[in-house]
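# Inside the fold
The residues making up each chain are set out below.
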Amino acid sequence: MNATQITAFQANGGMSPSITASVLTSLVFAALLLWGAWAIRTAYSGWAEQRLNQRQFMGVVIRFIAMYLALTFVLLS
């Protein structure tokens, strides 16, 4: 963005583009962590009640970790 665009963004949005990007990135990570906690807790409940086997439970955990690492690489690089 050039200086005119940044000034217009700050005048209309009330904050700089870098702060907006940080807030949006934080919201994405917060939503991902909440979803991950819910998914892992639900999978653990299923595993504890023997509706899921250990392999399925670990699949949920590994998928969450992979998604978290991928988003970290994409959004923070």
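Here's a quick rundown of the structure.

About the criteria used
The residue numbering used here restarts from 1 in each chain and proceeds along that chain's sequence as written. Residue-level local features of this predicted model are given only where pLDDT is at least 70; pairs of side-chain atoms are given and counted only at 80 or more, and the full residue set underlies all totals for whole chains, interfaces and linings. To obtain the side-chain values, all non-hydrogen atoms of the structure were used and water was disregarded. Only runs of H or I of at least four residues qualify as helices and only runs of E of at least two qualify as strands under DSSP, and these elements are numbered from the N terminus. Accessibility here uses a 1.4 Å probe with only protein chains present; expressed as a share of the type maximum, an area under 20% marks a residue as buried, one over 50% as exposed, and anything in between as partly exposed. Stacked, tilted and edge-to-face are the three classes applied to pairs of Phe, Tyr and Trp rings, where Trp contributes its six-membered ring and a pair requires centres within 6.5 Å; stacked means planes under 30 degrees apart, edge-to-face means over 60, and tilted covers the rest.

### A few points about the environment of Gly-13
Summarising the element assignment, Gly-13 is placed in helix H1 (residues 3–13). Classification of Gly-13 as partly exposed rests on a relative accessible area of 48%. For the pair formed by Gly-13 and Trp-38, sequence separation is 25 residues and the distance between their alpha carbons is 33 Å.

### Looking at unusual backbone geometry
Positioned with a positive phi, Gln-50 is a non-glycine residue whose angle comes to about 60 degrees. Mapped onto the secondary structure, Gln-50 falls in the loop between helix H2 (17–48) and helix H3 (54–76). When its relative accessible area of 72% is taken as the criterion, Gln-50 is described as exposed.

### A few points about the packing of aromatic side chains
Per the counting criterion, the structure on display carries 6 aromatic pairs. For the ring pair Phe-64 and Tyr-68, a centre distance of 6.2 Å and an interplane angle of 40 degrees mean the geometry is tilted. Pair noted here: Phe-64 and Tyr-68 are both in helix H3, with a separation of 4 residues, about one helical turn. One aromatic cluster is present, formed by Phe-29, Trp-35, Phe-64 and Tyr-68 through successive ring pairs.

Functional significance is not addressed by these values, which are geometric in nature.
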